[in-house]
Structures are given as C-alpha cells and as structure tokens.
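The residues making up each chain are set out below.
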Amino acid sequence: MKPIHITLAIAALGAAPAFANKELASKSSCMACHAVDRKMVGPSFQDVARKYGGQKDAEAMLAGSIKKGGAGKWGPVPMPAQAALSEADARTLAGWVLAGAK
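Residues numbered from 1 in each chain as written. Predicted model: local features only at pLDDT ≥ 70, side-chain atom pairs only at ≥ 80, totals over all residues. Heavy atoms only, no water.

## What about the pattern of salt bridges?
Counting across every chain of the model gives three salt bridges. The residue Asp-47 makes a salt bridge to Arg-50 at a minimum N-O spacing of 2.5 Å. Of this pair, Asp-47 and Arg-50 both sit in helix α2 (residues 45-52), three residues apart, roughly one helical turn. When its relative accessible area of 28% is taken as the criterion, Asp-47 is described as partly exposed. Classification of Arg-50 as exposed rests on a relative accessible area of 58%. With a closest N to O distance of 3.9 Å, Arg-91 and Glu-87 form a salt bridge. Taken together, the residues span about one helical turn, with Arg-91 and Glu-87 both in helix α4 (residues 87-98) at a distance of four residues. Overlapping salt bridges bring together Glu-59, Glu-87 and Arg-91 as one network. (Salt bridge = Lys/Arg side-chain N within 4 Å of Asp/Glu carboxyl O. Helix = DSSP H or I, 4+ residues; strand = E, 2+ residues; numbered from the N terminus. Buried < 20%, exposed > 50% of the residue type's maximum accessible area, 1.4 Å probe, protein only.)

Okay, structure coming up:
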C-alpha cells in the first residue's frame, strides 16, 4: 500500500467514530427516546454526560444501564434493556454519550 493510501485510511478511521456512534445509537433505537441536546421520553445525551461525566467508572455504569435497562434515575419512565447489544457496542455508546454525543 502506498503511503498516501495509508494516511487516507488512518484519517478515515479517525473520522468514523462520531458518525458511527450516532449511527449505532439510531440503529439500536436509542434515538427513539433520546436526543443529543433536548429531553424527549428520556434525558438528552448531553444531560447524561453532565450528570455522569466526571464519575469514576461512568462508562461501565452507563454501558450496564444500556444493556440491562433502568428505571428511576431520570423519572418514572423505564429505559428498556438492550440485551442483544454487544458489550463492545454498549461501551461505545456509553463513551459517545459521555463525550457529549458529538
């Protein structure tokens, strides 16, 4: 592979995560109840980032909530479990949310 192709491939990989994570959130039905910057059925991703962003093990905790579902943290409406989501995808989504869903 020529150096220019390697550089382009690395650049493409570096640019992919933000798009891929929003795409993953849409594919996983997260966007049916959450928005990046406004409350819908559930809190905005940015509100989640503000609440948990500085906490130790926040990514693991959020990934667990994504996989197992939850209730009571943000009001009476429960968040359904995404049990079919892989652990890696749950962690990817959690990291994206904690970064402000950007």
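Anyway, onward from the coordinates.
## Comments concerning the packing of aromatic side chains
Summed over the entire model, instances satisfying the criterion amount to two aromatic pairs. Sitting over the ring of Trp-74, Lys-51 keeps its end group 4.4 Å from the ring centre. (Phe/Tyr/Trp six-rings, centres within 6.5 Å; stacked < 30°, edge-to-face > 60°. Lys NZ or Arg CZ within 6 Å of the ring centre and 35° of its normal.)

## What to know about the layout of surface pockets
The rolling of a water-molecule-sized probe over the atoms marks out the regions of remaining empty space. Considered as a void within the structure, the largest pocket measures approximately 590 Å³ in volume. Together, 32 residues line the largest pocket, and His-34, Gly-42, Pro-43, Trp-74 and Met-79 are the ones closest to its centre. Every element with two or more residues in the lining of the largest pocket is listed here: α2, α3 (58-68) and α4. At four residues, α4 tops the list of elements feeding residues into the lining of the largest pocket. Across the lining of the largest pocket, the residue classes break down as 21 nonpolar, nine polar and two charged. (1 Å grid on protein atoms, 1.4 Å probe; cavity = no way out; pocket = protein on both sides within 12 Å on 5 of 7 lines; lining within 4 Å. Points joined across faces, edges and corners; volume = space filled by probe spheres on them. Nonpolar A, V, L, I, M, F, W, Y, C, P; charged D, E, K, R; others polar.)

## So, α2
Within the sequence span of α2, burial applies to Phe-45, Val-48, Ala-49 and Tyr-52. The buried residues of α2 occupy one face: seen down the axis, they fall within an arc of 100°. The secondary structure elements touched by the buried residues of α2 are α3 and α4. (Arc of directions from axis to C-beta. Contact = heavy atoms within 4.5 Å.)

## Overview of the nonpolar core
Counting 18 residues, the largest nonpolar core has Phe-45, Ile-66, Leu-85, Leu-93 and Trp-96 as its most contacted members. In terms of residues, this core owes the most to one element, α4, which gives five residues. If we ignore the near neighbours within four places in the chain, the residues touching Leu-93 are Asn-21, Leu-24, Ala-25, Ser-28, Cys-30, Ile-66 and Leu-85. (Core = buried A, V, L, I, M, F, W, Y, C linked by side-chain atoms within 4.5 Å.)

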